[in-house]
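# Chains, contacts and geometry: an overview
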Amino acid sequence: MRRYPHNSPEAAARIVALVLLSDGKVCSSELETLRKLGAERELGLEPQILPHIVHTLREELGVGASEMAARIQSLDASVLAALMAEISDPALQRIVLRLCLAAARADGQLAEGEALLVDAARRHWQLVDGEEPIARKAIHRRAAV
């Protein structure tokens, strides 16, 4: 897969694109949700670049639509970790995870591939639903008890 600059809009958009492709198809409800959320603006992309990144990723994975979900689900853990490591800025991590969750939930079902990628992002970035680090969330819960 091509390398994007660290913390770049393109690197962030590729993670969103992985979620969009992870169930084998990009649903119009997912794209509409991202449009309403201003995903390209949030990620720092020029308008209409996200579809190009999705298309480029599809070509890089080198499989047809019917094999896309299986290909993404079979990505090696080290490949996923390397993709997630391209985003180290905590604010950008939260934006990406929030957009991934919104896209994954847009069609009313969370596909296995979508869940896999969202969980990988949460673990790698130690975030809960794009809100705050897991460790900090645990501290808040203990303080409230």
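Residues numbered from 1 in each chain as written. Predicted model: local features only at pLDDT ≥ 70, side-chain atom pairs only at ≥ 80, totals over all residues. Heavy atoms only, no water.

Okay, the overall build of the protein next. Secondary structure assignment for the protein yields nine helices and two strands. When its helices and strands are written in sequence order, the protein yields α-α-α-α-α-α-α-α-β-β-α. Burial status across the protein gives 41% buried among its 145 residues. (Helix = DSSP H or I, 4+ residues; strand = E, 2+ residues; numbered from the N terminus. Buried < 20%, exposed > 50% of the residue type's maximum accessible area, 1.4 Å probe, protein only.)

Below, the discussion takes up the pattern of salt bridges. On inspection of all chains with the given rule, the structure shows seven salt bridges. The closest approach of N and O atoms between Arg2 and Glu60, which form a salt bridge, is 2.9 Å. Here Glu60 lies in helix α4 (residues 50–61) and Arg2 lies in the segment before α1 (9–21), a separation of 58 residues in the sequence. Take Glu60: its relative accessible area is 27%, and that puts it in the partly exposed class. Linked by salt bridges that have partners in common, Arg41, Glu42 and Arg98 make up one network. (Salt bridge = Lys/Arg side-chain N within 4 Å of Asp/Glu carboxyl O.)

A word on the side chain of Asp23. Along the chain, Asp23 falls in the loop between α1 and α2 (28–36). Within the local environment of Asp23, its side chain forms a polar contact with the backbone nitrogen of Lys25, the two atoms lying 3.3 Å apart. Setting aside chain neighbours within four positions, we find Asp23 in contact with Glu30, Ala69, Asp107, Ala111 and Glu114. (Polar contact = N/O pair within 3.5 Å; in protein donor to acceptor, adjacent residues only side chain to side chain. Contact = heavy atoms within 4.5 Å.)

Let us now look at the nonpolar core. Counting 42 residues, the largest nonpolar core has Val16, Leu34, Leu43, Ile72, Val96 and Trp125 as its most contacted members. Secondary-structure elements contributing two or more residues to this core are α1, α3 (39–43), α4, α5 (65–73), α6 (77–85), α7 (90–105) and α8 (112–125). Here the element with the most residues in this core is α1; it accounts for 10 residues. (Core = buried A, V, L, I, M, F, W, Y, C linked by side-chain atoms within 4.5 Å.)

Relative to each other, α1 and α7 sit at 20°, their axes nearing to 9 Å. As far as their axial angle goes, α7 and α1 are roughly parallel. As α1 runs across α7, the sense of the crossing is right-handed. Of the residues in α7, those in contact with Ala12, Ile15, Val16, Val19 and Leu20 of α1 are Leu92, Val96, Leu99, Cys100, Ala103 and Ala104. (Axes fitted to C-alpha atoms, helices over the stretch in contact; angles between N-to-C directions. Parallel < 35°, antiparallel > 145°, perpendicular 65-115°, else oblique. Left-handed = near helix turned anticlockwise from the far one by under 90°.)

Residues of α6 that are buried include every one of Leu80, Leu83 and Met84, and no others. All buried residues of α6 lie within an arc of 95° about the axis, which places them on one face of the element. Packed against the buried residues of α6 are α1 and α8. (Arc of directions from axis to C-beta.)

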